[in-house]
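Coordinate inspection notes
Read off the chains here:
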Amino acid sequence: MSKYQPREFEGEIMELWEKEQVYRTEDGIRNNKSGNKMYTLSMFPYPSGAGLHVGHARIYTGTDVLARFMRLQGISVLHPMGWDAFGLPAENAAIKAKKNPMDMVPGNITTFKKQMKSLGLSYDWSREFSTTDPAYYRWTQWLFQQFFKMGLLYKKNTPIHFCPSCKTGLAEEEVLANGTHERCGKPITKKDLPQWIFRITTYAERLLSDLKGLDWPEGILTMQKNWIGKSEGVELDFKVDGLDETIRVFTTALDTIYGATFMVLSPEHPLISRLRGHISNVKTSGEKSKLTEVDEYIEKAEKKTDIERETENKDKTGVFTGLYCINPFNNGRIPIWIADYVLMGYGTGAVMGVPGHDARDYQYAIKYGLVVKPVIKPDTMAIRTDIKSDGFWNYEEIKAKYAEKSVLCNSDSYDGLSSLQAKEKMTVFVENQKIGKRKINYHLRDWIFSRQRYWGEPIPMVFCQSCKDKGISWWDTDEGKKFNKKHHNISKVDQNIQVEMQGWFPIVEKDLPLKLPYVQSYEPTDTGESPLSKMTDWKKTTCPHCGKHAIRETDTMPNWAGSCWYFLKFASPDKDSSTNIFDSSGVLPTSRDIPSRKNIVDSSEHPWRKEDIKKWLPVDWYLGGAEHAVLHLLYARFWVKALYDLGLLDFSEPFLRLRNVGMVLAEDHRKMSKSFNNVVNPDDVIGEYGADSLRVYEMFMAPFNMEIFWSTKALQGGYRFLNRIWQIYNSPDKINGRDDKNDKTDTTKIVVSLYKTIQKVGSDISQTKYNTAIAAMMEFLNEWEKQGESLPYQEAKKFLVILSPFAPFIAEKLWRDIYKETKSIALSTWPKIEKKDIVDDTVHIPVQVNGKVRGVVSVPHDIKQSDLEKLALEQEGIRKYIEGKSYKTIYVAGKILNFVLNR
RNA sequence: GCGUCAAUAGUCAAGAUGGAAACGACGAGAGACUUAAAAUCUCUUCCCGUAGGGGAUCGCAGGUUCGAGUCCUGCUUGACGCACCA
């Protein structure tokens, strides 16, 4: 009997799979029923120099198990893999290594691919591409241009988050809560730079409401909801006392307006500059003039970094302007303050201070001695001072506790109304007086899309000063007019954007891809300009509209661009798909001369063939880490919605089912990191125990979405399990009637167990409950190993099939060796189990006395209650608790019998 | 502060709909094989008892129920996310 030595055959099996093209996507050939497809996708990796991580192995194996299972169900499966190779991590690594990223990425990809193959992942490699491949980013650029044409992109000078270490601007989402950059961990500052900005906010409502139909983890849905942060309220104007100015505020609690005892402006509020003259007239008792006081405060506030604002979080500061405004409801005069706890970026940048019900306003009022006036109380309370001794009652809290039973007070004619009634009535008043309107605000901000870095898709736009001077925008051109006409159904391009974007033109389509030039100096600059801006020759071009001198955009796209639509391209690869990015030796052509493949794409209209998209999309199963909850997953949803509006797609949500994978932490319970010297390399593990052991271990250790701690000991458990399988298939007395082609069999006890196992494994896999599926197989194996148990030859074959999604190498090996099969097990069929084959005739009913189990009776499954009771009472162990006492019985058919003694 | 999720044996974990708590793995102990070790196999592994058997137990405290790990209320601890969003 030979020993289980995976090293000896895994490589050979891998070659067989490749030779036989086992994992090539079958476009619905095996089952022509429409809709019988499955698109299983793992979030594709950025191919780092460190190679594949055991954490990667977990995601990819999890997706692979699904893909293999679906194939065995006879479903056509699309299971692709590619590379998200643009972006900061690749570039920072390249800078560190003093190499051009273009020269580094190909080698990394080669390593990743080799490692993935050795893991036994069943990808259709013919669909592979990298986001850095010009044939792919040609279309990323093309899509950018479509979004520009829709009016979803504009370029504007904006104060943005800037990472001084990476020397680039960042999106809101890339800044961590502690004010550092999510990629490099260094602190972030603000910088005023011209930026391409995506108007993702125009899709806020749809991004929010479409979450409803998605089968995603609850936590991720909540995070997206919170990130979009919808709040409904009212905007209304407060007159500045004695001046012809108004202050517009946004509030979600209009019912508290009688409690507004002060007004707060954000330090960046534009009104302040107009008020300066009046502020300088204010008399003060101090040495400084009021204006100096205000100016000093504003200057200090502007200098604060995000981190400073963060640490000072709770200690609010501000300055009184000496001016007043008028509450439109009661004409009360309230003081105007400037404070940096009010943000310019949200609402109107001005807030009515209601210290009676808002915790922040309360804190501020206490510090500066402002009036605290509660205006909502529980209806059972007579006087307002009883509400709380200090006069403050959190708005949310009072509503949560008293709901409809909280009423207004101190609010003139609104007194006694419920919060809800008052809010509605007051809103109507605001509307009638024409001093404001209902308004919905979102926390979601527009998406800063420029990066001042080298390693990204060049933004395919050209700026023409001459056209700008003449006030010509792209929408004034023939092409632009045609576009507007064709897409008049979608939101009309904003006039402001048309003006703002005068002089900007997409480079003509036939010139795509606009290739990233190979440069000597690709390091980011200190000026916050892209390294491409130093390439004067490359920058120079002609205006697509007027033909005069024009300048190329030199910013590049963020790494999110490529991942926003890669799942579409997998479904519809370039026709000449043999143009793999690898040549036969596995070495990339030097990137200096990667051929442009624009000529092999047949359509000038679409980056994909519609029938392919129809066949495969949307993605049925999307597996990846939870860290993308509001980055990639939000951006990709946004692009798909925009593409839907353009008529390029006929669905508007890309990922129907999302599952998160838990992290793989090191044995010492820390994150795996080079600096802790605790990284486990999958190559080493595969070398020693085989890929199957690694796969089984990672699927078995915990539920798929939970984090696991690496344990080599536990991994050996996986190896032992496979070893026992190897031994049992090689034991003459464990499998009956070898070479018997006749698959008729008695349903002996062990066979029934097998059938139950088959059913459990199937249902567990489709719920990504891999750990319990494996436990069930182990349980079955334990039973099969018992002395005297053996399986008929054809039945034992079925066990290999259900094992194969988890341990494809050993399953394939035994499939071919023991059963002499020549066609891969991956292309076989999941065993069908009839319900009648797994029904037990005898059931075991636990018998309780007062809820405690005192015995078990084995009876026919359809026994009558009276017979069951009789049998139960025959048991000494049960009878002794009941004898001579009065009782009643509760019987749950097939489950439990309970005797309840009367007290 | 807000939101989401979690807590079961020495460790990782199973336990959908309330109905036998602890499937499976790791570790530990004993034994078999071996000159020996590793590997492999067998048994034990909450507490008491040689055993039949009995008792306890699911973060803590209550409650609902014939019956609660599961439902409800309050609390504790931890993880993740958001955070001056008006």
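Note that the structure is predicted; figures quoted are calculated from it, not measured.

Structural notes on the overall build of chain A
Assigned secondary structure in chain A consists of 30 helices and 29 strands. Its C-alpha atoms give chain A principal-axis dimensions of about 105 × 90 × 55 Å. Once the 125 positive and 117 negative side-chain charges of chain A are each reduced to a mean point, those two points are 1 Å apart.

Structural notes on the protein's contact with RNA strand B
Every one of the 51 residues lining RNA strand B counts as a neighbour, but Thr252, Tyr341, Arg360, Arg720 and Met778 are closest to it. Here RNA strand B approaches the protein such that, of its atoms within 4 Å, sugar and phosphate make up 61%. Thr251 places a side-chain nitrogen or oxygen 3.3 Å from a sugar or linking oxygen of RNA strand B. Residue Asn771 places a side-chain N or O atom 3.0 Å away from a phosphate oxygen belonging to RNA strand B. For the surface near RNA strand B, the per-class residue count stands at 23 nonpolar, 16 polar and twelve charged.

As for unusual backbone geometry
Comment: phi is negative for the bulk of residues other than glycine, and the bulk of peptide bonds are trans. With an omega of 0°, the peptide bond between Leu512 and Pro513 qualifies as cis. Among the structural elements, Pro513 can be located in the loop between strand E17 (504-506) and helix H17 (536-539). Residue Pro618 follows Leu617 across a cis peptide bond; omega there is -5°. For Pro618, the location among the structural elements is in the loop between helix H20 (610-616) and strand E20 (621-624). The residue Asn410 is not glycine, and still its phi comes out positive at about 55°. As for its placement among the helices and strands, Asn410 is situated in the loop between strand E13 (406-408) and helix H13 (419-432).

Observations concerning the pairing of strand E1 (residues 37-42)
Along E1, six of the six residues are buried, which leaves the element largely enclosed by surrounding structure. Taking every second residue as pointing to the same face, both faces of E1 are buried, with Lys37, Tyr39 and Leu41 on one and Met38, Thr40 and Ser42 on the other. Across three bridges, E1 lies against strand E2 (residues 76-78) in parallel orientation. Note on E2: the bridge partner recorded for Met38 is Val77. Regarding topology, helix H2 (residues 54-72) serves as the crossover connection from E1 to the parallel E2, and that connection is right-handed. In this sheet, E20 lies alongside E1 in parallel orientation, the contact comprising three bridges. Within the sheet, the bridge partner assigned to Ser42 lies in E20 and is Leu623.

What to know about the pairing of strand E5 (residues 189-198)
Remark: a regular strand shows side chains that alternate across the two faces of the sheet. In the sheet, strand E3 (residues 153-163) pairs with E5 via ten bridges, with the strands oriented antiparallel. For Thr158, the partnering residue across the bridge sits in E5 and is Leu193. Looking at chain direction, E5 and strand E15 (residues 447-448) are connected through two bridges and run antiparallel. If you follow Ile197 over to E15, its bridge partner there is Ile448.

Considering the packing of helix H8 (residues 271-280) against helix H9 (residues 290-303)
Two elements in contact, H8 and H9, have axes separated by 8 Å at closest approach and are oriented at 150°. Taken together, the axes of H8 and H9 lie roughly antiparallel to each other. Contacts from Ile272, Arg276, Ile279 and Ser280 of H8 reach H9 at Lys290, Leu291, Val294, Asp295 and Ile298.

Topic: H13
For H13, spanning 14 residues, the distance from its first C-alpha to its last is 20 Å, which sits close to the expected 20 Å at 1.5 Å a residue. When H13 is considered as a whole, its buried residues turn out to be Ser419, Ala422, Met426, Thr427 and Val430. Take H13 and look down its axis: the buried residues cluster within an arc of 130°, on one side only. Along H13, the residues that are exposed and aim more than 90 degrees away from the buried face are Leu420 and Asn432. One or two residues past the end of H13 sits Lys434, with phi positive at roughly 55°.

What to know about the sheet that holds E20
Pairing within the open sheet is parallel, and its four strands lie in the order E2-E1-E20-E21. Each edge of the sheet is formed by a strand with only one pairing partner; in this case those strands are E2 and strand E21 (658-660). Here the strands of the sheet are splayed against their neighbours by 20° on average, with no regard to which way each runs. Sitting on the sheet, H2 touches E1, E2 and E20, and the angle it makes with E1 is about 170°.

Remarks on the packing of helix H24 (residues 712-729) against helix H27 (residues 793-803)
Closest axis-to-axis distance for the H24/H27 pair is 12 Å, and the angle between their directions is 155°. Classed by the angle they form, the pair H24 and H27 counts as roughly antiparallel. The hand of the H24/H27 crossing is left-handed. Along its contact with H24, which presents Phe721, Ile725 and Tyr729, the element H27 presents Ala796, Phe799, Leu800 and Leu803. A breakdown of the residues in the contact of H24 with H27 according to their chemical character gives seven nonpolar, no polar and no charged.

As for helix H29 (residues 865-874)
Looking at H29, one finds that the buried residues are Leu868, Glu869 and Ala872. Down the axis of H29, the sector holding all buried residues measures 100°, keeping them to one side. Structural note: H29 exposes Lys870 and Glu874 on the side pointing more than 90 degrees away from its buried face. Those residues of H29 that are buried are in contact with strand E26 (842-849), strand E27 (852-860), helix H30 (876-882), strand E28 (887-892) and strand E29 (896-901).

Side note on the confidence of the model for chain A
Averaged over all residues, the pLDDT of chain A equals 86, while 90% of them reach at least 70. Taken together, the stretch residues 28-32 has pLDDT below 50 and engages in ten contacts with residues farther than four places along the chain or on a different chain. Counting contacts from residues 383-389, a segment whose pLDDT is below 50, to residues more than four positions away or on other chains yields twelve contacts. Reported confidences for the modelled complex are a pTM of 0.90 and an ipTM of 0.94.

Notes on the environment of Tyr887
Topologically, Tyr887 is positioned in strand E28. Relative accessible area serves as the criterion here: at 31%, Tyr887 is assigned to the partly exposed category. Separated by 55 residues in sequence, Tyr887 and Lys832 have C-alpha atoms that sit 47 Å apart. With residues up to four places along the chain from it excluded, the contact list for Tyr887 reads Leu873, Ile882, Phe899, Val900, Leu901 and Asn902.

Thoughts on the pattern of salt bridges
Overall, the coordinates contain 40 salt bridges when judged by the stated rule. For Asp241, the salt bridge goes to Arg333, with nearest N and O atoms at 2.7 Å. With Asp241 in the loop between strand E6 (230-240) and strand E7 (246-251) and Arg333 in strand E10 (residues 333-339), this residue pair connects regions lying 92 residues apart in the sequence. A relative accessible area of 52% means that Arg333 is categorised as exposed. Taking the shortest distance from any N to any O, the salt bridge between Arg724 and Glu785 comes out at 3.0 Å. Here Arg724 is found in helix H24, whereas its partner Glu785 is found in helix H26 (residues 770-785), with 61 residues between them in sequence. Here Arg724 falls in the partly exposed class, since its relative accessible area comes to 27%. The class of Glu785 is partly exposed, set by a relative accessible area of 31%. Through salt bridges that share partners, Glu235, Asp237, Arg248, Lys437 and Lys439 make up one connected network.

Overview of the sheet that holds strand E19 (residues 549-552)
Two pairing modes exist for strands in a sheet, parallel and antiparallel, and in both the strands are linked by backbone hydrogen bonds. The antiparallel open sheet is built from four strands, whose spatial order is E17-E16-E19-E18. What marks the edges here is a single partner per strand, and that holds for E17 and strand E18 (540-542). Averaged over all neighbouring strand pairs, the angle between strand axes comes to 45°, with direction disregarded. In terms of strand pairing, strand E16 (residues 461-463) meets E19 through two bridges, oriented antiparallel. The residue of E19 that forms the bridge with Val462 is Arg552. Where helix H5 (residues 134-149) meets the sheet, it contacts E16 and E17, and its direction lies at approximately 135° from that of E17.

Definitions and cut-offs
Residues numbered from 1 in each chain as written. Chains lettered and ligands numbered in written order. Predicted model: local features only at pLDDT ≥ 70, side-chain atom pairs only at ≥ 80, totals over all residues. Heavy atoms only, no water. Helix = DSSP H or I, 4+ residues; strand = E, 2+ residues; numbered from the N terminus. Lys, Arg positive; Asp, Glu negative; His and termini not counted. Charge placed at Lys NZ, Arg CZ, Asp CG, Glu CD. Near = heavy atom within 4 Å. Polar contact = N/O pair within 3.5 Å; in protein donor to acceptor, adjacent residues only side chain to side chain. Nonpolar A, V, L, I, M, F, W, Y, C, P; charged D, E, K, R; others polar. Buried < 20%, exposed > 50% of the residue type's maximum accessible area, 1.4 Å probe, protein only. Pairing = 2+ DSSP bridges. Right-handed = clockwise from strand over helix to strand, strands pointing away. Axes fitted to C-alpha atoms, helices over the stretch in contact; angles between N-to-C directions. Parallel < 35°, antiparallel > 145°, perpendicular 65-115°, else oblique. Contact = heavy atoms within 4.5 Å. Expected span 1.5 Å × (residues − 1). Arc of directions from axis to C-beta. Left-handed = near helix turned anticlockwise from the far one by under 90°. pLDDT = per-residue confidence, 0-100. Salt bridge = Lys/Arg side-chain N within 4 Å of Asp/Glu carboxyl O.

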